Amino acid sequence: TQYQNILLERHGRVAQLTLNRPEALNALNKATMDELVAAATELDPDPEIGAIVITGSAKAFAAGADIKEMAAQDYMEMYAQDWFRNWENLTRLRIPMIAAVSGFALGGGCELAMMCDFIIAGENAKFGQPEINLGVLPGMGGSQRLTRAVGKAKAMDLILTGRFMGAEEAERSGLVARVVPAEEVVAEALKAAEVIASKSKPVTMIAKEAVNAAFEMGLVQGVTYERRLFHSVFATEDQKEGMSAFVEKRTPDFKHR
Ligand code: HXC
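As annotated in an unreviewed UniProt entry, the protein carries the name Probable enoyl-CoA hydratase echA8 and is attributed to Psychromicrobium lacuslunae. Its UniProt record gives the protein a comment under Sequence similarities (unreviewed entry), which states: "Belongs to the enoyl-CoA hydratase/isomerase family."

Draft legend 1. Examining the sheet that holds strand β2 (residues 14-19) more closely. Read across the sheet, six strands follow the order β1-β2-β3-β5-β7-β10 without closing on themselves; strand pairing throughout is mixed. In this open sheet, the two strands that pair with only one neighbour each are β1 (6-11) and β10 (178-180). Pairwise comparison of adjacent strand axes, ignoring direction, gives a mean angle of 20° for this sheet. Each of β1, β2, β3 (51-55), β5 (97-101), β7 (118-122) and β10 is contacted by helix α8 (residues 185-197), which is oriented at about 170° to β5, the strand it contacts most.

Draft legend 2. Quick look at α8. Taking 1.5 Å of rise per residue, the 13 residues of α8 would be expected to cover 18 Å, and the 18 Å separating its terminal C-alpha atoms lies within 8% of that figure. Those residues of α8 that sit buried are Val185, Glu188, Ala189, Leu190, Ala192, Ala193, Ile196 and Ala197.

Draft legend 3. Quick peek at unusual backbone geometry. Phi at Asp82 is positive, roughly 45°, even though this residue is not glycine. Secondary-structure assignment places Asp82 in the loop between α3 (75-80) and β5. Not every positive phi belongs to a glycine, and Phe84 is a case in point at roughly 80°. Within the fold, Phe84 resides in the loop between α3 and β5.

Draft legend 4. The site of the ligand, seen in detail. In the neighbourhood of the ligand, 23 residues make up the surrounding shell, with Lys59, Ala63, Ala65, Ile67 and Gly108 lying closest. In this structure, Ala63 approaches the ligand through a main-chain N or O atom, which is 2.9 Å from a nitrogen atom. With the chains in place, 67% of the 1,000 Å² that the ligand exposes on its own is no longer accessible. Classifying every residue of the shell around the ligand gives 13 nonpolar, four polar and six charged.

Draft legend 5. Looking closely at the sheet that holds strand β9 (residues 165-166). Ordered by their spatial adjacency, four strands build an open sheet running β4-β6-β8-β9, and the pairing between neighbours is mixed. Each having just a single partner strand, β4 (60-62) and β9 make up the two edges of the open sheet. In this structure, β4 lies alongside strand β6 (residues 104-106), joined through two bridges in parallel fashion. Bridging from a neighbouring strand, Ala60 pairs with Phe104 of β6. Against the sheet, helix α4 (residues 108-115) touches β4, β6 and β8 (126-128), its axis set at about 95° to β6.

Draft legend 6. Layout of the pattern of salt bridges. One pass over the structure, following the stated rule, counts 15 salt bridges. We note a salt bridge from Lys191 to Glu188, for which the minimum N-O separation is 3.6 Å. Of the two residues, Lys191 and Glu188 are both situated in helix α8; the distance of three residues between them amounts to about one turn of the helix. The class for Lys191 is exposed, based on a relative accessible area of 52%. By relative accessible area, which is 15% here, Glu188 ends up buried. The structure contains a network of salt bridges with shared partners spanning Lys154, Asp157, Arg163 and Glu169.

Definitions and cut-offs
- Residues numbered from 1 in each chain as written.
- Predicted model: local features only at pLDDT ≥ 70, side-chain atom pairs only at ≥ 80, totals over all residues.
- Heavy atoms only, no water.
- UniProt positions renumbered as here; feature names shortened; annotations may be inferred.
- Pairing = 2+ DSSP bridges.
- Helix = DSSP H or I, 4+ residues; strand = E, 2+ residues; numbered from the N terminus.
- Axes fitted to C-alpha atoms, helices over the stretch in contact; angles between N-to-C directions.
- Contact = heavy atoms within 4.5 Å.
- Expected span 1.5 Å × (residues − 1).
- Buried < 20%, exposed > 50% of the residue type's maximum accessible area, 1.4 Å probe, protein only.
- Near = heavy atom within 4 Å.
- Polar contact = N/O pair within 3.5 Å; in protein donor to acceptor, adjacent residues only side chain to side chain.
- Areas by Shrake-Rupley, 256 points an atom, 1.4 Å probe, with all protein chains shown as cover.
- Nonpolar A, V, L, I, M, F, W, Y, C, P; charged D, E, K, R; others polar.
- Salt bridge = Lys/Arg side-chain N within 4 Å of Asp/Glu carboxyl O.

The structure is reproduced here in structure tokens:
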């Protein structure tokens, strides 16, 4: 497939999707998000791909939804076309996804990063939900996912003042999994993705599902759900391979089934 606004590269079992509108700091217009969601959706079941890295440019992961595209919309148009609905499809994918964030991740850019399974940030990363400055509020999960990630105090602070949060504060707050020097962020994310992609794909998908269930279920229900999933992976060839390899003191060779 040919894309206009993103780049798709395959590095072994890892796919890298790069937002590619640097002149607009990767502002997320409809065309860009449609391409990103379509590309990720196609990669999700691809047996040759075990993890996805989503990234932007050195200066901006993404500076938000495209304000110029949105500015003139009225309520009826936003509602009738259900703006941003397609973005949500990213969170329905089962393949592990890492956001590699360098520079600005603002508004919809921060929300996109939070839709990934975890975030690796460069020291120069700046996260924020500055929608309040535009007379609006986060529209693609920011008020919900940021609050779950960093708690009420910081979510309120960021969303009501519109201030940006640096990488160090973001890591300390639990928004970011790792901070690395800015120029290493994509390499670090690719390395992490490669590690994930070397595991059993069905089992990484199931593990992701289990963690995500923590946001939907009570503790007793969640732990029971986890146990059912745990039992179910004994139906995979990869469980047999992983445990045999340990006993035989060798590296497992997962067949991803
Ligand atoms: C459209 C954008 C944009 C955006 C930047 N640009 N962000 N265009 N939508 N979100 C464009 C600028 O207009 C400019 O185009 C070019 O990118 C470079 O940006 P500058 O502002 O000149 O760069 P700089 O001075 O370095 O400032 C960087 C910045 C600033 C601090 C990130 O661009 C900024 O504040 N951007 C908006 C951030 C924001 O409010 N995001 C939330 C958007 S609302 P020209 O043509 O002038 O060169 C949102 C709602 C989410 O995301 C709802 C659900 C998805």
